[in-house]
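Take a look at the letters that make up each chain.
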Amino acid sequence: MGELATAIDHLATEDVSEIPRLQLAEQLLELHWQMARLQAQIARRTGVRLP
C-alpha cells in the first residue's frame, strides 16, 4: 500500500504538461496495476469474491 501512496503522491506533485506522453502513460499504467494488486489483497483479506 505504501507503493500506491508513493505513486499517487508522485503524480500529484508533477505538472503533467511537462511529462512526455509516453512516460505519463507508463506511470498511469503502473498506478493502475498497483491499484489492482491492492484491490486483490483487500479482497483476499476480507473474503470478498467476485460473482
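Residues numbered from 1 in each chain as written. Predicted model: local features only at pLDDT ≥ 70, side-chain atom pairs only at ≥ 80, totals over all residues. Heavy atoms only, no water.

Asks: How would you summarise the overall build of the protein chain if you had to cite specific residues and measurements?
Replies: For the protein chain, the helix and strand inventory stands at 2 helices and 0 strands. Relative to the compact-globule value of 10 Å for 51 residues, the protein chain shows a C-alpha radius of gyration of 14 Å, a clear excess of over 25%. Its C-alpha atoms give the protein chain principal-axis dimensions of roughly 40 × 20 × 10 Å. Residues classed as buried in the protein chain amount to 18% of the 51 residues present. Here the protein chain has roughly 4500 Å² of accessible surface; of this, 62% comes from carbon and sulfur atoms. Side-chain charges of the protein chain comprise 5 positive and 7 negative groups, with the mean position of each set lying 18 Å from the other. (Helix = DSSP H or I, 4+ residues; strand = E, 2+ residues; numbered from the N terminus. Rg over C-alpha atoms; globule rule 2.2 N^0.38 Å. Buried < 20%, exposed > 50% of the residue type's maximum accessible area, 1.4 Å probe, protein only. Areas by Shrake-Rupley, 256 points an atom, 1.4 Å probe, with all protein chains shown as cover. Lys, Arg positive; Asp, Glu negative; His and termini not counted. Charge placed at Lys NZ, Arg CZ, Asp CG, Glu CD.)

Asks: Before we move on, can you summarise the packing of helix α1 (residues 2–13) against helix α2 (residues 21–46) with the specific residues and values?
Replies: In contact at an axis separation of 10 Å, α1 and α2 are set at 150 degrees when each is read in the N-to-C sense. One way to sum up the angle between α1 and α2 is to call them roughly antiparallel. Where α1 crosses over α2, the two elements pack in a sense that is left-handed. Contact with α1, carried on its side by E3, L4, A7, I8, H10 and L11, involves L24, Q27, L28, L31, Q34, M35 and L38 of α2 and no other residues of that element. Considering only residue class, the contact of α1 with α2 consists of 9 nonpolar, 3 polar and 1 charged. (Axes fitted to C-alpha atoms, helices over the stretch in contact; angles between N-to-C directions. Parallel < 35°, antiparallel > 145°, perpendicular 65-115°, else oblique. Left-handed = near helix turned anticlockwise from the far one by under 90°. Contact = heavy atoms within 4.5 Å. Nonpolar A, V, L, I, M, F, W, Y, C, P; charged D, E, K, R; others polar.)

The values reported here are purely geometric and, on their own, carry no functional implication.
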